[in-house]
Amino acid sequence: RIQVRWTSITRVVIITGASSGIGAATAIEFAKQSAKVVLVGRNEEALNFNASKCEDAKGIKPLIIKAELTNDEDVKRVISTTIEQFGRIDVLVNNAGVGISGSIRDGIELLDRAISTNVRPAYLLTSLATPYLVQSKGNIINVSSIAALKPIKNVEFLPYCMSKAALDQFTRCLALELGKDGVRVNSVNPGATKTNFMAACGYSKDQIDEIFKVREQSVPLLKMVKSEDVADLIIFLASDRASCITGSTYVIDSGEMLM
């Protein structure tokens, strides 16, 4: 695990989509760095399980917020509850999202869903968190995908790819806007990662096993990315070691973009 450098203050970190996968791994890794973590997600049982792992790391009790981020009132509650509990926000990790397959032949509804889930909540949550991030000279990490940078081969994922491309542009525009206030904004773009992403897209266990097997045999490093790998990169970008990095898109994909 990487060694990060923090300022003396204990950081308060909001992580959306913390029920599983990259979000859960990120929350646990931040907890290991003595951060006060705010776990946001829809699955309360999973949030409680991950919160116990966070507390075990350094004995700091995390804040759990069950929320549906397509509901504006829930998004507002994430910020108000965090400030009520901790009084500050230092890092916002916009990780929540959903994989949405479909083609141009499937109508507009899938794109509406992709934007309303993968883009709009991140925009609103960031807007509400910005005054506190400016105050703390904090930073934002958006969890995107290599799907923002290239089409996904052999499957139709047009709405998802478009939503992640929008998130990357959000990162760049926001970094330019908030840079003068000392707030850094970066994007992490994983390739195929061993999470429940494919299951959430409706693929069966056998299909997922086959997809993972093919990926592991075809990417240049002959291994798939793990949630913990992405979490390490997020931790680095949030730390003082990355103090001159903003507006960047960090690919972590075992070389998948080279194919």
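All values reported here derive from a predicted model rather than from experimental measurement. (Residues numbered from 1 in each chain as written. Predicted model: local features only at pLDDT ≥ 70, side-chain atom pairs only at ≥ 80, totals over all residues. Heavy atoms only, no water.)

Caption draft 1: View of the overall build of the protein. Tallying secondary structure elements over the protein gives 9 helices and 7 strands in all. A globule of 259 residues ought to have a C-alpha radius of gyration of about 18 Å, and the protein, at 17 Å, matches this closely. Dimensions along the principal axes, computed over C-alpha positions, put the protein at roughly 50 × 35 × 35 Å. Considering the protein, the positive charge centre built from 30 side chains and the negative charge centre built from 28 side chains are found 5 Å apart. (Helix = DSSP H or I, 4+ residues; strand = E, 2+ residues; numbered from the N terminus. Rg over C-alpha atoms; globule rule 2.2 N^0.38 Å. Lys, Arg positive; Asp, Glu negative; His and termini not counted. Charge placed at Lys NZ, Arg CZ, Asp CG, Glu CD.)

Caption draft 2: The packing of aromatic side chains, seen in detail. For the structure on display, the rule yields 2 aromatic pairs. Ring centres 5.5 Å apart and planes at 25 degrees place the aromatic pair Tyr123 and Phe170 in the stacked group. A residue pair is termed long-range when its members are at least 10 positions apart, and Tyr123 in helix α5 (residues 120–136) and Phe170 in helix α6 (residues 158–178) qualify at 47 residues. The exposed category is assigned to Tyr123, whose relative accessible area is 53%. Measuring from centroid to centroid gives 5.8 Å for Phe157 and Tyr160, while their planes differ by 80 degrees, and the two rings are edge-to-face. Of the two residues, Phe157 and Tyr160, both sit in the buried class. (Phe/Tyr/Trp six-rings, centres within 6.5 Å; stacked < 30°, edge-to-face > 60°. Buried < 20%, exposed > 50% of the residue type's maximum accessible area, 1.4 Å probe, protein only.)

Caption draft 3: Structural view of the pattern of salt bridges. Counted according to the given criterion, the structure contains 8 salt bridges. Taking the shortest distance from any N to any O, the salt bridge between Arg120 and Asp72 comes out at 2.6 Å. With Arg120 in helix α5 and Asp72 in helix α3 (residues 72–86), this pair connects stretches of sequence that are 48 residues apart. Residue classification places Arg120 among the partly exposed residues on the basis of a relative accessible area of 44%. With a shortest N-O distance of 2.6 Å, Asp90 and Arg88 are connected by a salt bridge. Residue Asp90 is classed as buried on the basis of its relative accessible area of 4%. The exposure class of Arg88 is partly exposed, given its relative accessible area of 26%. (Salt bridge = Lys/Arg side-chain N within 4 Å of Asp/Glu carboxyl O.)

Caption draft 4: Quick peek at unusual backbone geometry. Phi at Lys137 takes a positive value of approximately 55 degrees, unusual for a residue other than glycine. For Lys137, the location among the structural elements is in the loop between α5 and β5 (139–143). Its identity is not glycine, yet Ser254 carries a phi of approximately 55 degrees, on the positive side. The residue Ser254 is located in the segment after β7 (249–252) in this model.

Caption draft 5: Inspection of the UniProt feature "domain: Ketoreductase" (unreviewed entry) in the protein at higher detail. UniProt marks residues 11–191 with the feature "domain: Ketoreductase" (unreviewed entry), using the numbering shown here. Structurally, residues 11–191 comprises 50% helix and 17% strand, and the distance from its first C-alpha atom to its last is 28 Å. (UniProt positions renumbered as here; feature names shortened; annotations may be inferred.)

Caption draft 6: Representation of the sheet that holds strand β2 (residues 36–41) in the model. Spatially, β3-β2-β1-β4-β5-β6-β7 is the arrangement adopted by the 7 strands of the open sheet, whose pairing is parallel. One side of each edge strand has no neighbouring strand; the edge strands of this open sheet are β3 (63–66) and β7. Pairs of neighbouring strands in the sheet enclose a mean axial angle of 15 degrees, with direction left out of account. Along the sheet, α3 makes contact with β1 (12–16), β2 and β3, crossing β3 at roughly 160 degrees. (Pairing = 2+ DSSP bridges. Axes fitted to C-alpha atoms, helices over the stretch in contact; angles between N-to-C directions. Contact = heavy atoms within 4.5 Å.)

Caption draft 7: Local environment of the side chain of Ser144. In this structure, Ser144 sits in the loop between β5 and α6. By relative accessible area, which is 4% here, Ser144 ends up buried. Within the structure, Ser144 has its side chain in polar contact with the side chain of Asp168 (distance 2.8 Å). Here Ser144 is in contact with Lys164, Leu167, Asp168, Ser187, Val188, Asn189 and Pro190, once residues within four sequence places are set aside. (Polar contact = N/O pair within 3.5 Å; in protein donor to acceptor, adjacent residues only side chain to side chain.)

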